[in-house]
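Report on the structure
Each chain, letter by letter, is given below.
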Amino acid sequence: MAERSRQRLITPPEGVPLEMQVARVGDRLAAFLFDALIQFVLFFIVGLAFMLSGESLDGGGGGAIAFLLIFLIRSFYFIGFETRWQGRTPGKKRAKIRVMDAQGGPLRTDAIIVRNLMREVEVWIPLALLVAPETFWPDAPWWARYLFGFWTGALLCLPLFNRDRLRPGDMVAGTLVVEAPKAVLLPDLGGQRPRTQQLATAPAWPEFTFTDAQLDVYGIYELQVLEDLLRRTDPHRRKAFAAVAQQIVDKIGWTGGKLRPEPFLRAFYVALRGRLEGRMLLGERKADKHA
Amino acid sequence: MTTELKSFQFRKERQASWRELEKMVERIEKGGLRSLDAAELARLPVVYRSTLSALSVARSISLDRALLEYLEVLSARAYFCVYGSTTSLGGSIGDFFLRRFPVTVRRHLVPIGIAAFVMLCGVLVGWVLTARDADWFYVFVDEGLASGRNPAATTEELREPLFDGGGGEGLGTFASFLFTHNTRVGFLAFALGFLAGVPVFVLMLMNGMMLGAFAALHSSRGLTVEFWGWILPHGFPELWAIILCGGAGLILARAIVFPGRQTRLANLARQGREAGVIVTGCIALFLVAGLVEGFFRQLVTNTAIRYVVAAAGLAILVAYFGLAGRTREAARG
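Residue indices begin from 1 for each chain and proceed along its sequence in written order. For this description, chains carry letters from A and ligands carry numbers from 1, given in the order in which they are written. Selection of residues for local features in this predicted model requires a pLDDT of at least 70, selection of side-chain atom pairs for listing and counting requires 80 or more, and totals for whole chains, interfaces and linings are taken over all residues.

**Details of the overall build of chain B**
Only DSSP runs of H or I with at least four residues qualify as helices, and only runs of E with at least two residues qualify as strands; both kinds are numbered from the N terminus onward. Counting its regular elements, chain B contains 14 helices and zero strands. Using C-alpha atoms as the atom set, the radius of gyration is obtained and then compared with a globule rule of 2.2 Å times the number of residues to the power 0.38. For chain B, whose C-alpha radius of gyration is 29 Å, the value lies well above the compact-globule estimate of 20 Å for 333 residues. With the C-alpha coordinates aligned to their principal axes, the bounding extent of chain B is approximately 110 × 40 × 40 Å. Three classes are used. A residue is buried when 20 or more other C-beta atoms lie within 10 Å of its own, exposed when 12 or fewer do, and partly exposed in between, with C-beta atoms placed from the backbone. For chain B, with 333 residues in total, the buried portion stands at 45%. Contact between two residues is assigned whenever their backbone-derived C-beta positions fall within 7 Å. The long-range fraction of contacts in chain B, counting pairs at least 24 apart against all pairs at least 6 apart in sequence, stands at 81%.

This is the structure we're talking about:
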């Protein structure tokens, strides 16, 4: 399970809130570096092609095309991918994160353009200050340079200082970068269906009956721990079944004859789930055994 | 007593449509929306909504955690397919230039006016100071940009570049360089707005002062008419685009400094997108300016024709930003 602090409830227009995880700063940095690497490789290819074509800068169309290509790569790499791939770039895809509208509405092209234009201030200016301050601001007094450097540096670190990890571009565009929901499906519904079915229709063991008082000992948390236990497939599960079954028997004071751990636990799971779901319908959510 | 759990019945009844949605989502994630045919596209929102409602029901009746997690993940994945990004970059270009761009510009005349005013102040300051003492020229104009055109140059040296066509060699490269360079300056003017707007003022002022200093230098040698003929054909679209980008930057700055009734973040997001519309439209203006500066100015050296083209350009700009999209705006209420 992911950490609570990164969970955000997004309400799409249909009105059913969905849980999203705000992406980690590390993942976003990795995604950005990967995208930047691709851009640099593209710059390099354009430059190499231009040199190999043997055209000079002041003749023919080669220079014009090279300028345009570099401009397009630099300014429209992110915009192009994020509109085409529904909020993802190659780097974001690798890092399994994506851009979404912070309010849950559709991600509009305007927002994508705006959030990426802000990279001018967030990335390129600090970079220029770092690499070649004199071309960027000739004859600036040293203190002005430091002040400006501090300012842009603070902008760069902005995502570290807010809960939603928004960089300036996200603030201006009203977007949020979240973890792309897992693409791998939980195994349960696929291969293990027959077993689940058994799980839920279990009263095939009539010898296990529980009174309401016995069932009311536990709550939802314990039910789901039990669910996890029953779904285990490792070789040690039998031992765990026996131990847990014994614990439950002691706790609820069950006296139903010989204890066969696995059938007992399955029967107890179904009975408990039925009881808790029934109470839930009446508006009582019993969170755990202390509730 | 072998009654099934209610939550299990619920799952049995609904899971066929979840699986259908899951298959569609898998294909969209791999190949985009285009990988669905028309019938499936029509079906997608239906299955998506029914799955969302199933999630909502499951949250209140089911304690089967595997099921809940499955539905959560599936709904989120489907949400991105349905709401990922709605329009393609080229999809609504017509509507953008016929309506949204000019209408958005008209909606934000105040910040744009302020940007224009600041630039005008720059022009005046540059002009007056340079006209009084030519040494000010060196303060306002970057040496590299002036390429030898400074107060030390003779009148002939100043006149020559105004009419030097460069013979048609490498004009494409020149235009391409101008377009990309100016567009990036425009983007910068917009993005700097995030720093509460102060750098936008500086940028506008500096651009204005440079222009003013150049103008003062040329008119001190009796080249006033020739100079403006050289500047204006591309100057109208280019300076106007810079002003628009500066105005867009000021929209951001205003949203940050004076958030109004909404929260600062909500207001910024709303205004930011509007400003983005203006900046996006300016790319086209910069392209026009780059072509005029790169080709027309280098090839046509007749001052009278230059003035005619400049006037025509100005008329088109005024008509476009004044009128385009008005009827549609009214039709939309």
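**Focus: the overall build of chain A**
When you go through chain A residue by residue, the secondary structure sums to 13 helices and four strands. The buried share among the 291 residues of chain A stands at 28%. In chain A, of all internal contacts separated by at least 6 residues, the share reaching a separation of at least 24 is 68%.

**So, the packing of helix α4 (residues 93-107) of chain B against helix α12 (residues 264-299) of chain B**
All names here are of chain B. The angle between two axes is taken between their N-to-C directions and runs from 0 to 180 degrees, where each axis is a line fitted to C-alpha atoms and a helix contributes only its stretch in contact. Two elements in contact, α4 and α12, have axes separated by 9 Å at closest approach and are oriented at 120°. By the angle between their directions, the pair α4 and α12 is classed as oblique. For the pair α4 and α12, the crossing hand works out as left-handed. In contact with Arg100, Phe101, Thr104 and Val105 of α4, α12 contributes Glu274, Val277, Ile278 and Gly281. In these notes the angle categories are as follows: under 35 degrees is roughly parallel, over 145 is roughly antiparallel, 65 to 115 is roughly perpendicular, and the rest is oblique. For any helix crossing, the convention is left-handed if the near helix is rotated counterclockwise from the far helix by under a right angle, and right-handed if that rotation is clockwise.

**What about helix α2 (residues 62-84) of chain A?**
A helix's residues, less one, multiplied by 1.5 Å, set its expected span. The terminal C-alpha atoms of α2(A) lie 28 Å apart, and with 23 residues this falls more than 12% below the ideal 33 Å at 1.5 Å per residue. Two axes enter the bend calculation: one fitted to the seven residues ending at the residue in question, the other to the seven starting there, and the bend is the angle between them. Of all the bends in α2(A), the greatest, near 60°, is centred on Phe76(A). Within α2(A), burial applies to Gly63(A), Ala64(A), Ala66(A), Phe67(A), Ser75(A), Phe78(A), Phe81(A), Glu82(A) and Thr83(A). In this fold, the buried residues of α2(A) make contact with α1 (25-53), α3 (90-95), β3 (97-101) and α4 (109-117) of chain A together with α9 (171-191) of chain B. Looking one or two residues beyond α2(A), the residue adopting positive phi is Gln86(A), at roughly 50°.

**Looking at the interface of chain B and chain A**
Contacts between chain B and chain A engage 60 residues on the former and 63 residues on the latter. For the side of chain B that touches chain A, the element with the most residues is helix α3 (residues 65-83) of chain B, which contributes 12 residues. By residue class, the composition of the side of chain B that touches chain A is 30 nonpolar, 20 polar and 10 charged. Under the convention adopted here, Pro, Cys and the residues Ala, Val, Leu, Ile, Met, Phe, Trp and Tyr are nonpolar, Asp, Glu, Lys and Arg are charged, and Gly plus all remaining residues are polar.

**What about the environment of Gly290(B)?**
Residues and elements named next belong to chain B. Along the chain, Gly290 turns up in helix α12. Owing to 23 C-beta atoms within 10 Å, Gly290 belongs among the buried residues under this scheme. Residues Gly290 and Phe177, spaced 113 residues apart in sequence, show a C-alpha to C-alpha distance of 8.1 Å. In this structure Gly290 touches Ala175, Leu178, Phe179 and Asn182, once residues within four positions along its chain are discounted.

**So, the pairing of strand β4 (residues 175-179) of chain A**
All names here are of chain A. For β4, the buried fraction is high: four of the five residues fall into the buried class. Pairs of strands are assigned from DSSP output, requiring at least two bridges between the strands. Direction of pairing for β3 relative to β4: antiparallel, over a ladder of five bridges. Each bridged residue has a counterpart across the sheet, and for Asp101 the counterpart in β4 is Thr175.

**Digging into the packing of α2(A) against α9(B)**
Packing of α2(A) against α9(B) brings their axes to within 7 Å, and their N-to-C directions diverge by 20°. By the angle class used here, α2(A) and α9(B) are roughly parallel. The hand of the α2(A)/α9(B) crossing is left-handed. Every residue of α9(B) that contacts α2(A) at Gly63(A), Ala64(A), Phe67(A), Leu68(A), Phe71(A) and Ser75(A) is listed here: Gly172(B), Thr173(B), Ala175(B), Ser176(B), Phe177(B), Thr180(B) and Phe187(B). Here the contact of α2(A) with α9(B) is built from residues that sort into seven nonpolar, six polar and no charged.

**A look at helix α5 (residues 109-132) of chain B**
For the α-helix, the turn length of 3.6 residues means that residues three or four positions removed from each other point alike. For α5(B), with 24 residues, the first-to-last C-alpha span of 34 Å sits near the 34 Å given by 1.5 Å per residue. Every buried residue belonging to α5(B) is among Pro111(B), Ile112(B), Ile114(B), Ala115(B), Ala116(B), Val118(B), Met119(B), Gly122(B), Val123(B), Gly126(B), Trp127(B) and Thr130(B), and all of these are buried.

**Description of the confidence of the model for chain A**
Chain-level pLDDT for chain A is 79 on average; 83% of the residues reach the 70-or-more range. α3(A) holds the highest mean pLDDT among the elements of chain A, 91, whereas helix α9 (residues 193-200) of chain A holds the lowest, 42. Along the chain, pLDDT gives the predictor's confidence residue by residue, from 0 to 100.

**Examining the pairing of β3(A)**
Counting buried residues in β3(A) gives five out of five residues, a clear majority hidden from the surface. Neither face of β3(A) is exposed, since Ile97(A), Val99(A) and Asp101(A) on one face and Arg98(A) and Met100(A) on the opposite face are all buried.

**Describing the confidence of the model for chain B**
Residues and elements named next belong to chain B. For chain B, mean pLDDT is 83; residues scoring 70 or higher make up 91% of the total. Between the elements of chain B, mean pLDDT differs from a low of 61, seen in helix α14 (residues 326-332), to a high of 92, seen in α5. In the predicted complex, the global pTM is 0.77; the interface-specific ipTM is 0.79.

**As for unusual backbone geometry**
All names here are of chain A. Even without being glycine, Gln86 reaches a positive phi, approximately 50°. Locating Gln86 in the fold gives a position in the loop between α2 and α3. Of the residues examined, Gln86 has 22 C-beta atoms within 10 Å and is grouped as buried. In the Ramachandran plot, Arg165 falls in the positive-phi region, its phi being about 55° despite a non-glycine side chain. You can see Arg165 is positioned in the loop between α7 (142-156) and α8 (168-173).

**Brief notes about the environment of Ala243(A)**
Considering the arrangement of structural elements, one finds Ala243(A) in helix α12 (residues 237-252). Sequence separation between Ala243(A) and Gly149(A) is 94 residues; the distance between their C-alpha atoms is 63 Å.

**A closer look at the environment of Asp216(A)**
Mapped onto the secondary structure, Asp216(A) falls in the loop between α10 (212-215) and α11 (220-230). Look at Asp216(A) and you get partly exposed, because 16 C-beta atoms sit within 10 Å.

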